[in-house]
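# Survey of secondary and tertiary structure
Single-letter residue listing:
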Amino acid sequence: MSGLPGTSTCSGPGKDSDLKSPLGTRLREPLTEARFQQLFGGAEQEPEPPAEPCVPKLCRLWRLWARACSGPGAWRLLLARLPPLCWLPHYRWRAWLLGDVVAGVTVGVVHVPQGMAFALLTSVPPVFGLYTSFFPVLIYSLLGTGRHLSTGTFAVLSLMTGSAVERLVPEPLEGNLSRIEREQLDAQRVGVAAAMAFGSGALMLGMFVLQLGVLSTFLSEPVVKALTSGAALHVLVSQLPSLLGLSLPRQMGCFSLFKTLAAVVTALPRSGLAELTISALSLALLVPVKELNVLLASLLCFTSSLDTRYNVQIVGLLPGGFPQPHLPNLDELPRILADSLPIALVTFAVSASLASIYADKYSYSIDPNQELLAHGVSNLISSLFSCFPNSATLATTSLLVDAGGNTQLAGLFSCTVVLLVLLWLGPFFYYLPKAVLACINISSMRQMFFQMQELPQLWHISRVDFAVWMVTWVAVVTLNVDLGLAVGMVFSMMMVVCRTQRVKCLALGLAEGTELYRPLRESHKLLQIPGLCILSYPTPLYFGTRGQFRRIVEWHLGLGGGKESPKPGALPDTVGEPVRVVILDFSGVTFADAAGAREVAQLAGQCQDAGIYLLLAHCNASVLETLIRAGILDRVTPDQLFVSVQDAAAHALARLERTGLKICTVWV
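What comes next concerns the included structure.

What counts as what
Residues numbered from 1 in each chain as written. Predicted model: local features only at pLDDT ≥ 70, side-chain atom pairs only at ≥ 80, totals over all residues. Heavy atoms only, no water. Salt bridge = Lys/Arg side-chain N within 4 Å of Asp/Glu carboxyl O. Helix = DSSP H or I, 4+ residues; strand = E, 2+ residues; numbered from the N terminus. Buried < 20%, exposed > 50% of the residue type's maximum accessible area, 1.4 Å probe, protein only. Patch = residues over 30% accessible without salt bridge, like charges linked within 9 Å, V, L, I, M, F, W, Y side chains within 5 Å. Areas by Shrake-Rupley, 256 points an atom, 1.4 Å probe, with all protein chains shown as cover. Core = buried A, V, L, I, M, F, W, Y, C linked by side-chain atoms within 4.5 Å. Phe/Tyr/Trp six-rings, centres within 6.5 Å; stacked < 30°, edge-to-face > 60°. Axes fitted to C-alpha atoms, helices over the stretch in contact; angles between N-to-C directions. Parallel < 35°, antiparallel > 145°, perpendicular 65-115°, else oblique. Left-handed = near helix turned anticlockwise from the far one by under 90°. Contact = heavy atoms within 4.5 Å. Nonpolar A, V, L, I, M, F, W, Y, C, P; charged D, E, K, R; others polar. Pairing = 2+ DSSP bridges. Right-handed = clockwise from strand over helix to strand, strands pointing away.

As enumerated under the stated definition, the model contains eight salt bridges in all. In this structure, R179 and E183 form a salt bridge, with 3.0 Å as the shortest nitrogen-oxygen distance. Residue R179 and its partner E183 are located together in helix α9 (residues 179-209), separated by four residues, close to a single helical turn. A relative accessible area of 44% places E183 in the partly exposed class.

Okay, a nonpolar patch on the surface next. A surface patch of nonpolar side chains, about 610 Å² in accessible area, is lined by F322, L420, L423, W424, L425 and F428. Looking at where W424 falls in the secondary structure, it is placed in helix α19 (residues 409-425). For W424, a relative accessible area of 58% translates into the label exposed.

Among the nonpolar cores identified, the biggest contains 90 residues, and M116, L130, V156, V346 and V481 are the most heavily contacted of them. Sort the elements by how many residues they give to this core and helix α16 (residues 333-361) lands first, with twelve residues. Membership of the second largest hydrophobic core comes to 33 residues, among which are Y537, V553, L557 and V600.

Turning next to the packing of aromatic side chains. Scanning the entire structure with this criterion turns up 13 aromatic pairs. A centroid spacing of 5.5 Å and a plane angle of 85° characterise the contact between F128 and Y131, whose relative ring orientation is edge-to-face. With a gap of three residues between them, F128 and Y131 both fall in helix α6 (residues 127-132), about one helical turn apart. The exposure class assigned to F128 is buried, which follows from its relative accessible area of 15%. Of the residues examined, Y131 reaches a relative accessible area of 4% and is grouped as buried. For the pair Y537 and F549, a centre-to-centre distance of 5.1 Å together with 70° between the ring planes defines the contact as edge-to-face. On the criterion of sequence distance, the pair formed by Y537 in the loop between β7 (532-536) and α25 (546-557) and F549 in helix α25 is long-range, its members being twelve residues apart. A residue is classified by how much of its surface remains accessible, and F549, at 1% relative accessible area, is buried.

Running from amino to carboxyl end, α16 crosses helix α18 (residues 394-402) at an angle of 20°, the nearest separation of the two axes being 11 Å. On the basis of their axis angle, the class for α16 and α18 is roughly parallel. As α16 packs across α18, the resulting crossing turns out to be right-handed. Where α16 approaches α18, its residues V350, L354 and Y358 are matched on the opposing element by L394, T397, S398 and V401. Of the residues contributing to the contact of α16 with α18, the split by class is five nonpolar, two polar and no charged.

Time to look at the pairing of β7. Here is the key point about a regular strand: its side chains alternate between the two faces of the sheet. Across the five residues that make up β7, a large majority, five, are buried. The alternating pattern of β7 places L532, I534 and S536 on one face and C533 and L535 on the opposite face, and all of these are buried. Direction of pairing for strand β4 (residues 506-511) relative to β7: antiparallel, over a ladder of two bridges. When the sheet's bridge partners are listed, L506 is paired in β7 with S536.

What follows covers the environment of F218. Considering the arrangement of structural elements, one finds F218 in the loop between α9 and α10 (221-238). F218 gets classed as partly exposed once you look at its relative accessible area, which sits at 41%. A C-alpha to C-alpha distance of 8.6 Å links F218 and S492, two positions 274 residues apart in sequence.

A large share of strand β9 (residues 613-617) lies buried, amounting to five of its five residues. Of the two faces of β9, the one holding Y613, L615 and A617 and the one holding L614 and L616 are both buried throughout. Bridge count between strand β8 (residues 581-585) and β9: five bridges; the pairing is parallel. Along β9, the bridge assignment pairs V582 with L614. Read as a crossover between parallel neighbours, the route from β8 over helix α26 (residues 594-610) to β9 is right-handed. Of the strand pairs in this sheet, β9 and strand β10 (residues 641-642) are connected by two bridges, and their pairing is parallel. Looking across to β10, one finds that L616 is bridged to L641.

Quick look at the structure:
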């Protein structure tokens, strides 16, 4: 391989070189992989045991279960599955208790109006939002590993659940339902929403059994943030009829956002002046005094009799106590399974990402698989009490941290506040206008809308991540949340695959006075040896990249007519010395599949036929094992596998000198 001509130094065989580079100094013998294993040891492959009959396998499995069920094994399992047993003995009561009490009470006060508001978004009566703000929070406090995570009702899940509920249990076209008919319709919708919580919880438990917590790594941050920001726009548009006092059916399917906007514009002349006034005042007061605004709106509606004079829709009676636990209607599961899967994925994605953010900030770790268990059990058990799907929430988690929360104990104090409302304070919310709850829904979306402020910074850091964010957001807005999530995940994975196929194979040269090999395109004074070609391929070698790998290497080596295609980023060939030794640096090849390994074996055969001596350097254990299984040792010897590029280059230089070739070094 040759480069741009500069100053050169030539030495014949046996002569010492006066170069100021490690090539002129022999520090040690070059180390092959086999020699390295002899000197320093390594991960030796254990011989595969012979196939065992079925009965001994069952006996061994039984012994493992028996060992796990022993006293110490059972205690370790209990510690892993009940996190409070780990953190509660080390709880700093004087330093943390006050912060947890204040944060828990603050979040609990927010849970009350927000839970009722998100219940309307789910198309169920408001009281079921209070149930969903109590049971899941209590269960996660016992099973979750996120110390600063606040769970309960979440606008995105409520929107997804509400769309499925109204599709499966639509309101009769004739409208004007009697009280009994309205109660029957609400009961059916509550049953469907609870069945969806049961289904999503069962799916997450299945993911926990299969230890699929690693799936959280495939939901990138741009996908999650674009999903929540796009869903916030859906929530905003869906609440416009309630803000304006319009009774409109919920639009579903693709382009539902635009259909809702068109329906609202068409029905705008029928909007109620009283509800419009209440909505405007509520939005004006909601940001600074959210909880006080709820009490003021209830008091105003009661003293002015807005519900009877102007037909303003109010919350009505909140039943005291808790509902009787019962199993959701399992006949609904086949119909809601397709809706439960994206809900389970969104629940896990949002909760795991939020837990990871605050775990990194406060220097502790979370267990993604335990998070699957916590949210799965939370949804499964809460569905028995007619709760709808729930997860971690952005707004209340941020509020909990700002209020000084330290551990999951804050969730218990939050539950206490909701419990007081369910048992004694419910009648105070009888006259609360539903328009105020719609304003609360919109106000809760502020943090999700603020995520769009990060787009300029994301554009500056990574154009690819910016594209993933925009494609996901546009898909969520124009299609719907479910399809938008699928489009975002597929597009994100496609970008990963495309980036592996756009990586260039780099020709390396030796930096002056060092043992560092750098790409020839960089602005360093680099040394090349004519007849020696060092190539680095910094990407996984699999079925999608093997063709590109073959074409680029063939071009560099002049094999298979590869000189006809342009070489990306190549330096011109001026010396004209044919390649006699080639070194493939595989330090950037993180894995190789069967197709990629066979490609390397075929390349080794081509080099052998062309009289080119092939050396492989810096293969990790898994890549080396795959290459050996693909038959690489049928084409090369173990002495051609080196632990580093430096060792392979020293061996190549010695080989070139033994052939009698004049070593002309070219600086570029």
